[in-house]
Amino acid sequence: MSGSVKRILVVTGDHNLEDTSKPGGHYNPEDLEAHAVTVAAFRSLSGFDFDFCTDHSELLDGLRTSPPDLVVNFCDTGYRNKVAQELNLPAYLEMLDIPYTGAPPAAMVLCYDKAVVRMVADSLGVPVPRETYFPADADLARMPDAWPALIKPNAADGSLGITKDAVVRTRNEAVAYMTWLRKTLPGRDALIQEYLPGTEYGIGIVGNPAAGFHVLPPLEVDYSGLPNGLNPILSYESKSLPDSPYWTEIKFRRTDLAPETEARVVESCKKLFRRLSLRDYARFDFRTAVDGEPKLMEVNPNPAWEAGAKLAFMASFAGIDYPSMLKLILEAAIDRVARR
(Lines give C-alpha, C1' and ligand atoms only; values in the text may rest on other atoms or scores of the structure.)
Protein backbone atom coordinates (compact mmCIF):
# COMPACT_ATOMS: atom_id res chain seq x y z
CA MET A 1 0.00 0.00 0.00
CA SER A 2 2.79 2.44 0.82
CA GLY A 3 3.96 2.38 -2.78
CA SER A 4 0.47 3.34 -4.00
CA VAL A 5 0.13 6.26 -1.58
CA LYS A 6 1.70 9.22 -3.29
CA ARG A 7 -0.72 12.15 -3.24
CA ILE A 8 -1.54 13.21 0.31
CA LEU A 9 -3.85 16.03 1.29
CA VAL A 10 -3.37 17.51 4.76
CA VAL A 11 -6.58 19.17 6.00
CA THR A 12 -6.50 21.58 8.93
CA GLY A 13 -8.92 24.21 10.16
CA ASP A 14 -10.01 27.02 7.82
CA HIS A 15 -7.62 29.95 8.29
CA ASN A 16 -10.13 32.42 6.83
CA LEU A 17 -13.10 31.75 9.09
CA GLU A 18 -13.93 32.54 12.68
CA ASP A 19 -12.54 29.98 15.12
CA THR A 20 -13.76 30.29 18.68
CA SER A 21 -10.96 28.02 19.92
CA LYS A 22 -8.39 30.71 19.04
CA PRO A 23 -7.58 33.85 21.05
CA GLY A 24 -9.71 36.63 19.60
CA GLY A 25 -11.80 34.11 17.66
CA HIS A 26 -9.53 33.89 14.62
CA TYR A 27 -6.19 32.57 13.42
CA ASN A 28 -3.30 34.58 14.82
CA PRO A 29 0.31 35.00 13.60
CA GLU A 30 1.48 32.27 15.97
CA ASP A 31 -1.13 29.88 14.52
CA LEU A 32 0.07 30.60 11.00
CA GLU A 33 3.66 30.13 12.08
CA ALA A 34 2.79 26.77 13.64
CA HIS A 35 1.09 25.77 10.40
CA ALA A 36 4.20 26.72 8.43
CA VAL A 37 6.28 24.45 10.68
CA THR A 38 3.87 21.60 9.96
CA VAL A 39 4.02 22.21 6.22
CA ALA A 40 7.82 22.19 6.27
CA ALA A 41 7.88 19.01 8.37
CA PHE A 42 5.61 17.12 5.99
CA ARG A 43 7.50 18.31 2.92
CA SER A 44 10.75 17.06 4.44
CA LEU A 45 9.39 13.50 4.16
CA SER A 46 10.48 11.84 0.95
CA GLY A 47 8.32 9.67 -1.26
CA PHE A 48 5.11 11.70 -1.03
CA ASP A 49 3.52 14.70 -2.74
CA PHE A 50 1.78 16.84 -0.14
CA ASP A 51 -0.93 19.41 -0.62
CA PHE A 52 -2.52 21.44 2.16
CA CYS A 53 -6.09 22.63 2.62
CA THR A 54 -6.63 25.67 4.83
CA ASP A 55 -9.72 26.90 2.96
CA HIS A 56 -12.83 24.75 3.30
CA SER A 57 -14.91 26.59 0.69
CA GLU A 58 -13.97 24.16 -2.08
CA LEU A 59 -12.82 21.22 0.04
CA LEU A 60 -15.79 18.91 -0.48
CA ASP A 61 -15.96 19.45 -4.24
CA GLY A 62 -12.22 18.98 -4.55
CA LEU A 63 -12.29 15.69 -2.67
CA ARG A 64 -15.03 14.40 -4.94
CA THR A 65 -13.52 15.51 -8.25
CA SER A 66 -9.84 14.90 -7.50
CA PRO A 67 -9.50 12.49 -4.61
CA PRO A 68 -6.04 12.11 -3.06
CA ASP A 69 -4.56 8.76 -2.12
CA LEU A 70 -4.76 9.66 1.56
CA VAL A 71 -6.11 12.52 3.68
CA VAL A 72 -4.30 13.54 6.83
CA ASN A 73 -7.22 14.65 8.98
CA PHE A 74 -5.75 17.35 11.21
CA CYS A 75 -9.03 19.26 11.11
CA ASP A 76 -9.45 19.00 14.87
CA THR A 77 -11.66 22.09 15.17
CA GLY A 78 -14.25 20.73 12.75
CA TYR A 79 -15.36 21.40 9.20
CA ARG A 80 -15.53 25.17 8.70
CA ASN A 81 -14.17 25.48 12.27
CA LYS A 82 -17.40 24.20 13.81
CA VAL A 83 -16.44 21.76 16.53
CA ALA A 84 -19.79 19.99 16.31
CA GLN A 85 -18.84 19.11 12.72
CA GLU A 86 -15.49 17.51 13.54
CA LEU A 87 -16.90 14.13 12.58
CA ASN A 88 -18.37 15.41 9.29
CA LEU A 89 -15.10 15.36 7.36
CA PRO A 90 -14.22 11.71 8.10
CA ALA A 91 -17.85 10.76 7.44
CA TYR A 92 -17.65 12.43 4.01
CA LEU A 93 -14.32 10.74 3.29
CA GLU A 94 -15.85 7.37 4.09
CA MET A 95 -18.73 8.07 1.71
CA LEU A 96 -16.14 8.75 -1.01
CA ASP A 97 -14.01 5.75 0.05
CA ILE A 98 -10.96 7.99 0.55
CA PRO A 99 -8.53 6.68 3.19
CA TYR A 100 -7.68 9.08 6.01
CA THR A 101 -5.67 9.23 9.20
CA GLY A 102 -7.17 9.11 12.64
CA ALA A 103 -10.43 8.23 14.32
CA PRO A 104 -13.64 7.36 12.43
CA PRO A 105 -16.88 9.28 13.05
CA ALA A 106 -18.30 6.75 15.51
CA ALA A 107 -15.23 7.03 17.74
CA MET A 108 -15.47 10.83 17.70
CA VAL A 109 -19.12 10.66 18.75
CA LEU A 110 -18.31 8.33 21.64
CA CYS A 111 -15.34 10.33 22.89
CA TYR A 112 -17.21 13.64 22.70
CA ASP A 113 -19.58 12.37 25.39
CA LYS A 114 -17.42 12.31 28.51
CA ALA A 115 -19.95 10.40 30.60
CA VAL A 116 -20.08 7.63 28.00
CA VAL A 117 -16.28 7.41 27.92
CA ARG A 118 -16.27 7.09 31.70
CA MET A 119 -18.80 4.26 31.57
CA VAL A 120 -16.80 2.43 28.91
CA ALA A 121 -13.59 2.86 30.91
CA ASP A 122 -15.25 1.67 34.11
CA SER A 123 -16.56 -1.43 32.32
CA LEU A 124 -12.99 -2.25 31.26
CA GLY A 125 -11.64 -1.89 34.78
CA VAL A 126 -9.92 1.43 34.07
CA PRO A 127 -9.96 3.62 37.23
CA VAL A 128 -12.19 6.69 36.82
CA PRO A 129 -13.16 9.55 39.16
CA ARG A 130 -16.48 9.51 41.00
CA GLU A 131 -18.94 11.50 38.94
CA THR A 132 -22.52 12.71 38.77
CA TYR A 133 -24.18 13.41 35.43
CA PHE A 134 -26.22 16.57 35.90
CA PRO A 135 -28.76 17.44 33.17
CA ALA A 136 -29.12 21.03 32.00
CA ASP A 137 -32.63 21.26 33.42
CA ALA A 138 -31.92 19.61 36.78
CA ASP A 139 -32.70 21.47 39.98
CA LEU A 140 -29.50 22.98 41.39
CA ALA A 141 -30.71 22.13 44.88
CA ARG A 142 -30.29 18.46 43.98
CA MET A 143 -26.54 18.67 43.36
CA PRO A 144 -24.68 16.03 45.40
CA ASP A 145 -22.63 17.05 48.42
CA ALA A 146 -19.27 15.90 47.08
CA TRP A 147 -16.69 18.62 47.49
CA PRO A 148 -14.15 19.46 46.26
CA ALA A 149 -15.39 18.80 42.75
CA LEU A 150 -14.60 19.77 39.18
CA ILE A 151 -17.63 20.98 37.22
CA LYS A 152 -17.43 20.81 33.43
CA PRO A 153 -19.67 20.34 30.38
CA ASN A 154 -20.36 16.75 29.47
CA ALA A 155 -19.73 17.50 25.79
CA ALA A 156 -17.10 20.06 24.82
CA ASP A 157 -13.56 20.38 23.46
CA GLY A 158 -10.64 22.68 24.15
CA SER A 159 -11.54 23.13 27.84
CA LEU A 160 -14.65 25.08 26.83
CA GLY A 161 -16.71 25.63 29.96
CA ILE A 162 -13.80 24.88 32.30
CA THR A 163 -12.44 28.11 33.77
CA LYS A 164 -10.14 28.77 36.71
CA ASP A 165 -13.25 28.66 38.95
CA ALA A 166 -14.37 25.18 37.82
CA VAL A 167 -12.95 23.61 40.97
CA VAL A 168 -15.57 24.16 43.66
CA ARG A 169 -15.22 23.46 47.37
CA THR A 170 -18.63 24.45 48.74
CA ARG A 171 -22.25 24.22 47.66
CA ASN A 172 -22.41 27.98 47.16
CA GLU A 173 -19.41 27.87 44.82
CA ALA A 174 -20.98 24.95 42.95
CA VAL A 175 -24.30 26.76 42.49
CA ALA A 176 -22.51 29.90 41.29
CA TYR A 177 -20.40 28.01 38.78
CA MET A 178 -23.28 25.90 37.49
CA THR A 179 -25.37 29.04 37.07
CA TRP A 180 -22.57 30.64 35.05
CA LEU A 181 -22.11 27.48 32.98
CA ARG A 182 -25.80 27.28 32.11
CA LYS A 183 -25.81 30.92 31.06
CA THR A 184 -22.64 30.54 28.98
CA LEU A 185 -23.50 27.18 27.38
CA PRO A 186 -27.29 26.93 27.56
CA GLY A 187 -28.77 23.47 27.23
CA ARG A 188 -25.44 21.76 27.92
CA ASP A 189 -25.51 18.90 30.43
CA ALA A 190 -22.76 18.97 33.05
CA LEU A 191 -20.58 16.63 35.07
CA ILE A 192 -19.84 17.05 38.75
CA GLN A 193 -16.63 15.12 39.08
CA GLU A 194 -14.38 14.15 41.98
CA TYR A 195 -11.52 16.66 42.03
CA LEU A 196 -8.22 14.84 41.65
CA PRO A 197 -5.46 16.87 43.35
CA GLY A 198 -2.42 14.90 42.21
CA THR A 199 -0.13 14.82 39.20
CA GLU A 200 -1.69 15.23 35.75
CA TYR A 201 -0.09 13.47 32.83
CA GLY A 202 -0.79 12.25 29.34
CA ILE A 203 -0.02 9.06 27.44
CA GLY A 204 0.37 9.23 23.67
CA ILE A 205 -0.03 6.20 21.40
CA VAL A 206 0.74 5.88 17.70
CA GLY A 207 -0.21 2.71 15.83
CA ASN A 208 -3.05 0.23 15.65
CA PRO A 209 -3.95 -3.07 17.35
CA ALA A 210 -3.12 -5.24 14.31
CA ALA A 211 0.40 -3.85 13.82
CA GLY A 212 1.17 -2.89 17.40
CA PHE A 213 1.51 0.37 19.28
CA HIS A 214 4.32 2.86 19.68
CA VAL A 215 3.76 4.19 23.20
CA LEU A 216 5.36 7.59 23.78
CA PRO A 217 6.93 8.55 27.12
CA PRO A 218 4.41 10.07 29.56
CA LEU A 219 4.11 13.84 29.80
CA GLU A 220 3.43 15.71 33.02
CA VAL A 221 1.61 19.04 33.20
CA ASP A 222 3.78 21.27 35.40
CA TYR A 223 1.65 23.71 37.39
CA SER A 224 4.44 24.83 39.75
CA GLY A 225 4.71 28.26 38.11
CA LEU A 226 1.09 29.23 38.77
CA PRO A 227 0.59 31.94 41.40
CA ASN A 228 -0.71 30.77 44.76
CA GLY A 229 -4.47 30.47 44.91
CA LEU A 230 -5.03 29.42 41.30
CA ASN A 231 -6.45 25.97 40.77
CA PRO A 232 -3.95 23.70 38.95
CA ILE A 233 -6.08 22.70 35.97
CA LEU A 234 -5.84 23.06 32.20
CA SER A 235 -8.63 25.61 32.02
CA TYR A 236 -9.99 27.55 29.07
CA GLU A 237 -7.63 30.37 30.05
CA SER A 238 -4.66 28.09 29.37
CA LYS A 239 -5.68 27.69 25.74
CA SER A 240 -7.35 30.94 24.78
CA LEU A 241 -6.14 33.85 26.96
CA PRO A 242 -2.48 34.73 26.25
CA ASP A 243 -2.36 37.25 29.13
CA SER A 244 -3.39 34.67 31.72
CA PRO A 245 -0.82 32.92 33.95
CA TYR A 246 -2.58 29.73 32.89
CA TRP A 247 -1.23 30.44 29.40
CA THR A 248 2.22 31.69 30.37
CA GLU A 249 3.15 29.66 33.45
CA ILE A 250 1.98 26.12 32.74
CA LYS A 251 4.71 23.93 31.25
CA PHE A 252 5.07 20.37 29.99
CA ARG A 253 7.81 17.99 31.06
CA ARG A 254 8.61 14.31 31.02
CA THR A 255 7.48 12.38 34.06
CA ASP A 256 8.87 9.15 35.40
CA LEU A 257 6.10 6.89 36.64
CA ALA A 258 6.82 3.84 38.73
CA PRO A 259 7.24 0.94 36.27
CA GLU A 260 4.23 -0.97 37.58
CA THR A 261 2.07 2.17 37.45
CA GLU A 262 3.14 3.01 33.91
CA ALA A 263 2.52 -0.55 32.75
CA ARG A 264 -0.96 -0.51 34.26
CA VAL A 265 -1.84 2.86 32.74
CA VAL A 266 -0.50 1.91 29.29
CA GLU A 267 -2.53 -1.30 29.34
CA SER A 268 -5.63 0.79 30.18
CA CYS A 269 -4.89 3.04 27.19
CA LYS A 270 -4.58 0.06 24.85
CA LYS A 271 -7.90 -1.36 26.08
CA LEU A 272 -9.62 1.98 25.50
CA PHE A 273 -7.99 2.41 22.08
CA ARG A 274 -9.47 -0.90 20.94
CA ARG A 275 -12.86 -0.56 22.62
CA LEU A 276 -13.50 2.97 21.36
CA SER A 277 -12.32 2.02 17.82
CA LEU A 278 -9.59 4.65 17.74
CA ARG A 279 -7.11 4.62 14.88
CA ASP A 280 -3.50 5.59 14.16
CA TYR A 281 -2.91 7.89 17.13
CA ALA A 282 -4.58 9.14 20.30
CA ARG A 283 -3.87 10.77 23.64
CA PHE A 284 -5.13 9.75 27.07
CA ASP A 285 -5.12 12.13 30.04
CA PHE A 286 -4.89 10.93 33.64
CA ARG A 287 -4.75 12.59 37.01
CA THR A 288 -3.78 11.13 40.37
CA ALA A 289 -6.32 10.84 43.18
CA VAL A 290 -5.65 11.42 46.89
CA ASP A 291 -4.78 7.73 47.34
CA GLY A 292 -2.20 7.86 44.55
CA GLU A 293 -4.36 6.01 42.01
CA PRO A 294 -4.17 7.43 38.44
CA LYS A 295 -7.68 7.95 37.09
CA LEU A 296 -8.78 8.60 33.52
CA MET A 297 -9.80 12.18 32.75
CA GLU A 298 -10.10 12.35 28.96
CA VAL A 299 -9.70 10.33 25.78
CA ASN A 300 -8.62 12.43 22.80
CA PRO A 301 -9.30 10.63 19.49
CA ASN A 302 -8.00 13.51 17.37
CA PRO A 303 -5.47 15.26 19.64
CA ALA A 304 -3.63 18.45 18.80
CA TRP A 305 -0.89 17.68 16.30
CA GLU A 306 1.16 20.90 16.13
CA ALA A 307 4.88 20.96 16.92
CA GLY A 308 4.13 22.65 20.25
CA ALA A 309 1.33 20.32 21.30
CA LYS A 310 1.46 17.53 23.88
CA LEU A 311 1.86 14.69 21.39
CA ALA A 312 4.95 16.28 19.83
CA PHE A 313 6.40 16.90 23.30
CA MET A 314 5.94 13.22 24.15
CA ALA A 315 7.62 12.18 20.92
CA SER A 316 10.58 14.46 21.67
CA PHE A 317 11.05 12.70 25.01
CA ALA A 318 11.69 9.53 23.00
CA GLY A 319 14.14 11.28 20.67
CA ILE A 320 11.57 11.46 17.87
CA ASP A 321 11.62 14.82 16.10
CA TYR A 322 8.48 16.42 14.72
CA PRO A 323 8.79 15.24 11.09
CA SER A 324 9.48 11.71 12.31
CA MET A 325 6.37 11.80 14.51
CA LEU A 326 4.27 12.80 11.52
CA LYS A 327 5.86 9.98 9.54
CA LEU A 328 4.90 7.49 12.28
CA ILE A 329 1.28 8.62 11.98
CA LEU A 330 1.39 8.30 8.19
CA GLU A 331 2.93 4.84 8.39
CA ALA A 332 0.32 3.69 10.88
CA ALA A 333 -2.52 4.83 8.62
CA ILE A 334 -0.97 3.41 5.44
CA ASP A 335 -0.36 0.04 7.09
CA ARG A 336 -3.91 -0.05 8.47
CA VAL A 337 -5.45 0.72 5.07
CA ALA A 338 -3.24 -1.88 3.40
CA ARG A 339 -4.44 -4.53 5.86
CA ARG A 340 -8.02 -3.60 5.08
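Throughout this document, residue positions are counted from 1 along each chain, in the order its sequence is written. Whole-chain, interface and lining totals are the exception, using all residues; otherwise, since this is a predicted model, local features are given only for residues with pLDDT of at least 70 and side-chain atom pairs are given and counted only at 80 or more. For the side-chain quantities, the full set of heavy atoms in the structure was used; hydrogens and water were omitted.

So, the packing of aromatic side chains
For step 1, the next point in the chain: By convention, a stacked pair of Phe, Tyr or Trp rings (six-membered ring in the case of Trp) has centres within 6.5 Å and planes under 30 degrees apart, an edge-to-face pair has planes over 60 apart, and any other such pair is tilted. Going through the model one piece at a time under the given rule, you end up with eleven aromatic pairs.
For step 2, the next point in the chain: For the ring pair tyrosine 201 and phenylalanine 286, a centre distance of 6.1 Å and an interplane angle of 15° mean the geometry is stacked. Residue tyrosine 201 is found in strand S8 (residues 200-208), and its partner phenylalanine 286 is found in strand S12 (residues 280-288); the two are separated by 85 residues along the sequence. For the residue pair tyrosine 201 and phenylalanine 286, the accessibility class agrees, reading buried in each case. The numbering of helices and of strands both runs from the N terminus, where a helix is a DSSP run of H or I of at least 4 residues and a strand a run of E of at least 2. The classification of residues rests on relative accessible area computed with a 1.4 Å probe and restricted to protein chains. Under 20% of the type maximum is buried, over 50% is exposed, and intermediate values are partly exposed.

Things to note about the pattern of salt bridges
For step 1, the next point in the chain: What counts as a salt bridge is simple: a side-chain nitrogen of Lys or Arg found within 4 Å of a carboxyl oxygen of Asp or Glu. Considering all chains together, one arrives at 13 salt bridges under this definition.
For step 2, the next point in the chain: With its nearest N and O atoms 3.2 Å apart, the salt bridge here joins glutamate 194 to lysine 295. Taken together, the residues glutamate 194 in strand S7 (residues 190-194) and lysine 295 in strand S13 (residues 294-300) connect sequence positions 101 residues apart.
For step 3, the next point in the chain: Lysine 295 sits in the buried class, given a relative accessible area of 12%.
For step 4, the next point in the chain: Aspartate 280 is the partner of arginine 336 in a salt bridge, and the nearest nitrogen-oxygen pair spans 2.7 Å. Within this pair, whereas arginine 336 is found in helix H11 (residues 322-339), its partner aspartate 280 is found in strand S12, the two being separated by 56 residues in sequence.
For step 5, the next point in the chain: Of the residues examined, aspartate 280 reaches a relative accessible area of 0% and is grouped as buried.
For step 6, the next point in the chain: Residues joined in a network through salt bridges with shared partners are Arg130, Glu194 and Lys295.

So, the sheet that holds strand S1 (residues 7-11)
For step 1, the next point in the chain: Between any two strands, at least two bridges found by DSSP are needed for them to pair. The strand order across the open sheet formed by three strands is S2-S1-S3, and the pairing between neighbours is parallel. Looking at which strands have only one partner, the edges of the open sheet turn out to be strand S2 (49-53) and strand S3 (70-73). Direction aside, neighbouring strands of the sheet carry axes that sit 25° apart on average.
For step 2, the next point in the chain: Inspection of the sheet shows S1 paired to S2 by five bridges, in the parallel sense. In the sheet register, arginine 7 faces S2, and the bridge partner there is aspartate 49. The angle between two axes is taken between their N-to-C directions and runs from 0 to 180 degrees, where each axis is a line fitted to C-alpha atoms and a helix contributes only its stretch in contact.

Observations regarding the nonpolar core
Considering soluble globular proteins, one finds that nonpolar side chains tend to be buried as a cluster.
For step 1, the next point in the chain: By size, the foremost hydrophobic cluster in this structure holds 60 residues, and its most contacted members are Ile8, Phe42, Phe50, Phe74, Met178, Met325 and Leu330.
For step 2, the next point in the chain: The element contributing the most residues to this core is H11, with seven residues.
For step 3, the next point in the chain: Should any heavy atoms of two residues lie within 4.5 Å, those residues are considered in contact. If near-sequence neighbours (up to four positions away) are discounted, phenylalanine 42 is found in contact with Val10, Phe50, Phe52, Val72, Phe74, Leu326 and Leu330.
For step 4, the next point in the chain: We call a set of buried residues a nonpolar core when its members are Ala, Val, Leu, Ile, Met, Phe, Trp, Tyr or Cys and they connect through side-chain atoms within 4.5 Å of each other. Phe213, Leu257, Phe273 and Ala282 belong to the second-largest nonpolar core, a separate cluster that totals 25 residues.

Examining helix H3 (residues 88-95)
For step 1, the next point in the chain: Along H3, the residues classified as buried are Leu89, Pro90, Tyr92 and Leu93. Taken down its axis, H3 places every buried residue within 160° of arc, on the same side.
For step 2, the next point in the chain: In the core, the buried residues of H3 are packed alongside S1, helix H2 (59-65), S3 and helix H4 (105-112).
For step 3, the next point in the chain: Positive phi shows up at aspartate 97, right after H3, with a value of about 60°. By definition, the arc is the one covered by directions from the helix axis to the C-beta atoms.

A closer look at the sheet that holds strand S4 (residues 131-134)
For step 1, the next point in the chain: In spatial order, the strands read S4-S7-S5-S6; together these four strands make up an open sheet with antiparallel pairing. A strand with exactly one partner marks an edge of an open sheet, and here the two such strands are S4 and strand S6 (167-168).
For step 2, the next point in the chain: Pairing between strand S5 (residues 149-153) and S6: two bridges, direction antiparallel. What sits directly across from alanine 149, in S6, is valine 168.
For step 3, the next point in the chain: Strands in contact with helix H5 (residues 114-123) are S4, S5 and S7; relative to S4, the strand with the most contacts, it is inclined by about 145°.
For step 4, the next point in the chain: Lying over the sheet, helix H6 (residues 171-184) contacts S4, S5, S6 and S7, oriented at roughly 10° with respect to S5.

Details of the pairing of S1
For step 1, the next point in the chain: Among the five residues in S1, four count as buried, and that is most of the element.
For step 2, the next point in the chain: The handedness of a crossover follows from its direction of travel: if, with the strands pointing away from the viewer, the path from the first strand over the helix to the second runs clockwise, the crossover is right-handed. Assessed by its sense of winding, the connection that carries the chain from S1 through helix H1 (residues 29-43) to S2 is right-handed.
For step 3, the next point in the chain: The pairing of S1 with S3 spans four bridges and is classified as parallel. Each bridged residue has a counterpart across the sheet, and for isoleucine 8 the counterpart in S3 is leucine 70.

Some thoughts on the packing of H1 against H11
For step 1, the next point in the chain: Look at H1 against H11: their axes get within 9 Å of each other, and the N-to-C directions meet at 65°. Judged by the inter-axis angle, H1 sits roughly perpendicular to H11. Once H1 is placed against H11, the crossing between them reads as right-handed. The segment H1 lies against H11, with Val37, Thr38, Ala41 and Phe42 engaging Tyr322, Pro323, Leu326 and Leu330.
For step 2, the next point in the chain: Residue classes follow a fixed rule: Ala, Val, Leu, Ile, Met, Phe, Trp, Tyr, Cys and Pro count as nonpolar, while Asp, Glu, Lys and Arg count as charged, and any other residue, Gly among them, counts as polar. Per-class residue counts for the contact of H1 with H11 are seven nonpolar, one polar and no charged. Working definition: roughly parallel below 35 degrees, roughly antiparallel above 145 degrees, roughly perpendicular at 65 to 115 degrees, and oblique for all remaining angles. In a left-handed crossing the near helix is turned counterclockwise from the far helix by less than a right angle, and in a right-handed crossing that turn is clockwise.

Honestly, it's all geometry; don't read function into it.
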